[in-house]
Amino acid sequence: MTIKKALVWFVLLTCVAISGNGANAQQPAPTPRIDLVPVPASVKFNPERLTVDASFKVATRGHSDDRLKAAIARFMKRLEGRTVLTLEPGLAVDDQMTQLIVHCDGPGRNVPSVAENESYRIDITRRQAILKAPTVVGAIRGLETLLQLLNADRNGYYLPGVLIEDQPRFPWRGLMIDVARHFQTMETLKRNLDAMAAVKLNVFHWHLTEDQGFRVESKKYPKLHQLGSDGNYFTHEQVKEIIAYARDRGIRVVPEFDIPGHSTSWLVGYPELGSAPGPYTIERRPGIFEPALDPTREEVYKFLDGFLSEMAALFPDEYLHIGGDENEGKQWDRNPAIQAYMKEKGIKDNHALQAYFNTRLLKILQKNGKKMIGWDEILQPELPKDIVIHSWRGTAALAEAARKGYDGILSNGYYIDLIQPASHHYASDPLPADSTLTPAEAKHVLGGEATMWAEWVTPETIDSRIWPRTAAIAERLWSPRTVTDVNDMYRRLAIISLQLEELGLLHKKNQDMMLRRLVRHDDTGPLKTLVSVVEPVKEYRRYQMRPQTMLSPLTGVIDAALPDAEGARRFTWMVKEFLADAPRYQLYRSELIEMLSEWQESGAALGPMIDHSPALKEIKPLTKGLSELGDVGLEAISYLKLGQPPTREWREATTLKLDEAAKPYAALEFMVVPAVKQLVQAATEIGQPRPTSVSSTP
Ligand code: ACM
């Protein structure tokens, strides 16, 4: 991207924020834009501002403890990092000169809990900022808001005058990370916990076991991790370290051991638990597989009692997730002993058999003082009302559970592995406006979780699949339901995305590294241009188009490409403005011409680049598409500018080119085709009475 273009986009994203917050000390500022994610429950700006300079100090009032002190120390470090000011370390005495007072009433829950009070209040005037919270977790949430409030102009850094009163809409706001399909490092988890805290998420759902890997050490049954993990698992010490790290940030850790299906990796070391004889090997493919624990044998429950008791002692959270999804029961159908058992006990089908399994599991969890949570499939009348339903199927399933008296959380709509735009996730509400639940029933809807299924992510790429889109989900779960402006969400997402980098998140910077590795050169220009307007194919099409296994490198162009491709979003936005400027067609015209010309040039320049890097060969068909989209867009703009309708031949040739560019290759698809089509459509309509709509197809 040229500097000029980068600047145009930066201004598009932030212009109002800059003009809103840019007033100097002499002139009262107009009401600033809220640059916060998530948007607080209540924000009232005042015209004052609190200067942030090298004298900036923090003192505590009321309750203080190590967790609060550590949170304030992290706050100061990040403030220093952003401002390049050297601040006095440690806490100050609470006096007239202290710029920030953090006033906590008490510690809150010792173990982070769904019942934690996370509210806080921030009052900033010219003299002082006061952050007041009933608990340390509330104060931790408020410190994140303060960092997001930091602003600057030619007079220096400052916090705007504001009164914020804030609390979450839902108590359960999670991110699930599947560390089983692809293992994730301690560092990866820690930086993602930091990012979660930055957007006020409070549950790390740790998906620890799958067909493709068993990722936690078991001292009781060591063959689980020894034979089920390729040596990639978390030791008890590491688990404790993550739990402590999360607690420090007011985040609960809910472990998931997915049974009875999704369990191949358990059976590698303990085939006798399975419903077919085995032997078993670690699954390397993505998909749904047959292996399932045998729910009819007492030895299986004895084993699960031992294992789950060990895990219940390791994980302090009140809830334990038992998975329960996607067991098709094919092994059960084929096992004569299981069939005989069902007949004898009057268990009518596989659903009833799984319900029986779950009632046995529930007893084990209850004995260990845990509440059960599981995916939709565990909702069966046999189970008591104190289990939590984790809905991957949708709000209707969640509402049905709530009506029956079950607590539930939503993940349908929050599957961030499916490469949907942030706007898609943002539209998914656990309690939509048209919900017919009574207030009492609605209380059963505890919140939701983004789910990072890990078929196609490694520590190198996972941040870019989680962030910044998960910040939009975090906002949906924290902010009032009425906060729904998609454009403003994207504007703020761009701001928060930069702030996440200060926490070590790799979602932006790893793309450049991956492109350099592919190109084998510092100059990635043409490839970067291509990647800025394509996205990986959505939903589950990646595997169909470009099959790989869990052992394949995830280092291709598709892995470097990002959801919500920024160039495509910028182009689409500018086309909309340009076409709205009819019949002048001046707005963003030169920027569009520059962008389209760059596509033409990059398309041509990619050829030699691909010859030099065989790993790029798969994107060859996209280079022609990029050039042709550039050609077609430029020609359409030229027709519009001249006010001359294109010929029939041009329209026919253009349609063929656009149809070709709409086809995905290398599991990548151009996200700019609809906007180029709009240009072509507008050109086709030149001279026709408006607003008659004419199809672009001849
Ligand atoms: C799931 O997506 N099977 C929970």
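Small disclaimer: the values here were computed from a predicted structure and weren't measured.

Some points on the nonpolar core
In step 1: W206, F307 and W467 are the most contacted members of the largest nonpolar core, which totals 96 residues.
In step 2: With eight residues, helix 8 (residues 298–314) is the largest single contributor of residues to this core.
In step 3: In this structure F307 touches F214, V216, S218, Y221, L224, F257 and W266, once residues within four positions along its chain are discounted.

Considering helix 8
In step 1: With 17 residues, helix 8 ought to run about 24 Å at 1.5 Å a step, and its terminal C-alpha atoms sit 24 Å apart, in line with that.
In step 2: Within helix 8, 12 of the 17 residues are buried, leaving the element largely enclosed by the surrounding structure.
In step 3: Along helix 8, the positions that sit buried rather than exposed are V300, Y301, F303, L304, G306, F307, L308, S309, E310, M311, A312 and L314.
In step 4: On the buried face of helix 8, the contacting elements are strand 11 (213–214), helix 5 (223–228), helix 6 (236–248), helix 7 (264–269), strand 13 (319–321) and helix 11 (350–367).

Some remarks on the environment of M311
In step 1: If you trace the backbone, M311 turns up in helix 8.
In step 2: Under the relative-accessibility criterion, M311 is labelled buried at 0%.
In step 3: In this structure, the C-alpha to C-alpha distance between M311 and S218, residues 93 residues apart in sequence, is 8.1 Å.
In step 4: For M311, the residues in contact, after removing those within four places along its chain, are V216, E217, S218, H236 and F257.

Some points on the pattern of salt bridges
In step 1: Evaluated as defined, the whole model comprises 49 salt bridges.
In step 2: In this structure, E628 engages K624 in a salt bridge whose closest nitrogen and oxygen atoms are separated by 3.9 Å. With E628 and K624 both in helix 24 (residues 620–642), this residue pair falls four residues apart, about one helical turn.
In step 3: On the accessibility criterion, E628 (18% relative accessible area) is buried.
In step 4: The exposed category is assigned to K624, whose relative accessible area is 52%.
In step 5: Within the structure, one salt-bridge network assembled from shared partners comprises R33, D35, E475, D488, R491 and R492.

Side note on helix 18 (residues 509–519)
In an α-helix, one turn spans 3.6 residues, which is why side chains three or four residues apart end up on the same side.
In step 1: Buried within helix 18 we find N510, Q511, M514, L515, L518 and V519. For helix 18, the angular spread of buried residues about the axis comes to 165°, placing them on one side.
In step 2: Those residues of helix 18 that are buried are in contact with helix 19 (525–531), helix 21 (557–560) and helix 23 (589–612).
In step 3: Just downstream of helix 18 lies R520, where phi reads positive at about 60°.

Examining unusual backbone geometry
In step 1: In this model, G278 is joined to P279 through a cis peptide bond whose omega is 5°.
In step 2: Here P279 lies in the loop between helix 7 and helix 8.
In step 3: Put simply, W467 and P468 share a cis peptide bond, and its omega is 0°.
In step 4: You can see P468 is positioned in the loop between helix 15 (462–466) and helix 16 (469–478).
In step 5: Although it is not a glycine, E539 adopts a positive phi angle of roughly 55°.
In step 6: Mapped onto the elements of the fold, E539 is located in the loop between strand 18 (534–536) and helix 20 (541–545).

Regarding the side chain of E535
In step 1: With respect to the secondary-structure elements, E535 resides in strand 18.
In step 2: For E535, a relative accessible area of 5% puts it in the buried group.
In step 3: A distance of 2.8 Å separates a polar side-chain atom of E535 from the backbone nitrogen of A565.
In step 4: With residues up to four places along the chain from it excluded, the contact list for E535 reads I419, L562, P563, D564, A565, A667, L668, E669 and M671.

A closer look at the confidence of the model for the protein
In step 1: Per-residue confidence for the protein gives a mean pLDDT of 94; residues scoring 70 or more make up 94%.
In step 2: Low pLDDT, under 50, characterises residues 13–25; the predicted model gives this stretch 31 contacts beyond four residues in sequence or across chains.
In step 3: Below pLDDT 50 for its whole length, residues 694–698 participates in 11 contacts with residues either more than four positions away or in separate chains.

Cut-off values and rules
- Residues numbered from 1 in each chain as written.
- Predicted model: local features only at pLDDT ≥ 70, side-chain atom pairs only at ≥ 80, totals over all residues.
- Heavy atoms only, no water.
- Core = buried A, V, L, I, M, F, W, Y, C linked by side-chain atoms within 4.5 Å.
- Buried < 20%, exposed > 50% of the residue type's maximum accessible area, 1.4 Å probe, protein only.
- Helix = DSSP H or I, 4+ residues; strand = E, 2+ residues; numbered from the N terminus.
- Contact = heavy atoms within 4.5 Å.
- Expected span 1.5 Å × (residues − 1).
- Salt bridge = Lys/Arg side-chain N within 4 Å of Asp/Glu carboxyl O.
- Arc of directions from axis to C-beta.
- Polar contact = N/O pair within 3.5 Å; in protein donor to acceptor, adjacent residues only side chain to side chain.
- pLDDT = per-residue confidence, 0-100.

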